[in-house]
Amino acid sequence: MKKLLIFIPVLLLAVFALAGCGQSAETLNNKGNEAFADQDYEGALTAYLGAQEDVPEMAEPHYNAANSHYRLEDYQQAQQEIEQALVGEESQETLDQSSYYNLGNTFFQAQQFEPAIEAYKEALRLNPDDLQAKQNLELALRQLQQQEQEQQEQEKSDDPSDEQQDQESEEEQQQDQQPSEEE
């Protein structure tokens, strides 16, 4: 019985300590949101990172930190934070959909169009009615196609045998365009 009396206050103390951590993380996250709204992305990031230290499995501070990194044009760090948000224990479908959408934007800004396309597709799987995700998917597909065309042209211009073939082809075209001589 004596052990039980000691155990109960220790258990209550642990519960209150954990609850305090959650409240602290929530408070820090809210401070970060305020700083973000004021376009103080560095200050917001500091608050979000503090919230992450208190409750690392909480998805929202990772998601919010990713948004701050994105605004600071640190796309690699934004990507890492989004990925943390997606594996967080408290992740929600709405947050996941927004995370995939933002991940697509992050990849797009880094000109990594294939992973951007996959991220937009995942966002659309979670919310097929997201018009912005549809538009961004189409844009990423066009950019990928353009990037592939540019690579093909670059490879063609780098290959000397292609240059010779192109030159021969041009000579043939010029001959075809000349009037034929009468016999």
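All values derive from a computational prediction rather than experimental measurement. (Residues numbered from 1 in each chain as written. Predicted model: local features only at pLDDT ≥ 70, side-chain atom pairs only at ≥ 80, totals over all residues. Heavy atoms only, no water.)

Draft legend 1. Broad picture of helix 6 (residues 113-126). An ideal rise of 1.5 Å per residue puts 20 Å on 14 residues; helix 6 measures up with 20 Å between its terminal C-alpha atoms. Within helix 6, the full set of buried residues consists of F113, A116, I117, A119, Y120, A123 and L124. All buried residues of helix 6 fall inside an arc of 165° around its axis, so they share one side. Facing away from the buried surface of helix 6 by more than 90 degrees, the exposed residues are E114 and R125. Those residues of helix 6 that are buried lie in contact with helix 5 (93-109) and helix 7 (131-158). (Helix = DSSP H or I, 4+ residues; strand = E, 2+ residues; numbered from the N terminus. Expected span 1.5 Å × (residues − 1). Buried < 20%, exposed > 50% of the residue type's maximum accessible area, 1.4 Å probe, protein only. Arc of directions from axis to C-beta. Contact = heavy atoms within 4.5 Å.)

Draft legend 2. Highlighting the confidence of the model for the protein chain. Per-residue pLDDT for the protein chain has a mean of 80; in total, 72% of the residues score no lower than 70. Helix 6 holds the highest mean pLDDT among the elements of the protein chain, 96, whereas helix 8 (residues 160-177) holds the lowest, 54. Scored below 50 in pLDDT, residues 1-22 shows 3 contacts in the model against residues more than four places distant or in partner chains. Here residues 174-183 is modelled with pLDDT under 50, and outside its nearest four sequence neighbours on either side it reaches 0 contacts, counting other chains as well. (pLDDT = per-residue confidence, 0-100.)

Draft legend 3. Helix 4 (residues 75-87), seen in detail. Over its 13 residues, helix 4 extends 19 Å from the first C-alpha to the last, a length consistent with the 18 Å expected when each residue adds 1.5 Å. Here the buried face of helix 4 lies against helix 2 (41-54), helix 3 (59-71) and helix 5.

Draft legend 4. Structural view of unusual backbone geometry. Residues other than glycine seldom take positive phi values, yet E73 does so here, at roughly 60°. With respect to the element layout, E73 can be found in the loop between helix 3 and helix 4. Exposure remark for E73: the relative accessible area of 58% places this residue in the exposed category. At Q111, a residue that is not glycine, the phi angle is positive and equals roughly 55°. As for its placement among the helices and strands, Q111 is situated in the loop between helix 5 and helix 6. You can call Q111 exposed: its relative accessible area is 54%.

Draft legend 5. How the structure looks around the packing of aromatic side chains. Inspection of the entire model under this criterion finds 4 aromatic pairs. A ring pair is formed by Y101 and Y120, whose centres lie 6.1 Å apart and whose planes are at 55°; its orientation type is tilted. A residue pair is termed long-range when its members are at least 10 positions apart, and Y101 in helix 5 and Y120 in helix 6 qualify at 19 residues. When its relative accessible area of 15% is taken as the criterion, Y101 is described as buried. (Phe/Tyr/Trp six-rings, centres within 6.5 Å; stacked < 30°, edge-to-face > 60°.)

Draft legend 6. Up close: the packing of helix 2 against helix 3. Between helix 2 and helix 3, whose axes approach to 9 Å, the crossing angle comes to 155°. Classed by the angle they form, the pair helix 2 and helix 3 counts as roughly antiparallel. Between helix 2 and helix 3 lies a crossing of left-handed hand. Of the residues in helix 3, those in contact with Y41, A44, L45, Y48, A51 and Q52 of helix 2 are P61, H62, N64, A65, S68, H69 and R71. Counted by class, the contact of helix 2 with helix 3 contains 7 nonpolar, 5 polar and 1 charged residues. (Axes fitted to C-alpha atoms, helices over the stretch in contact; angles between N-to-C directions. Parallel < 35°, antiparallel > 145°, perpendicular 65-115°, else oblique. Left-handed = near helix turned anticlockwise from the far one by under 90°. Nonpolar A, V, L, I, M, F, W, Y, C, P; charged D, E, K, R; others polar.)

Draft legend 7. Structural context of the pattern of salt bridges. Within the structure shown, the criterion is met by 2 salt bridges. Among the ionic pairs, K121 bridges to E118, the shortest N-O distance being 3.8 Å. Highlighted residues: K121 and E118, both in helix 6, separated by 3 residues, approximately one helical turn. Judged by its relative accessible area of 44%, E118 falls in the partly exposed class. R125 is the partner of E122 in a salt bridge, and the nearest nitrogen-oxygen pair spans 2.5 Å. With E122 and R125 both in helix 6 and 3 residues apart, this pair spans about one turn of that helix. Overall, the relative accessible area of 23% leaves E122 in the partly exposed class. (Salt bridge = Lys/Arg side-chain N within 4 Å of Asp/Glu carboxyl O.)

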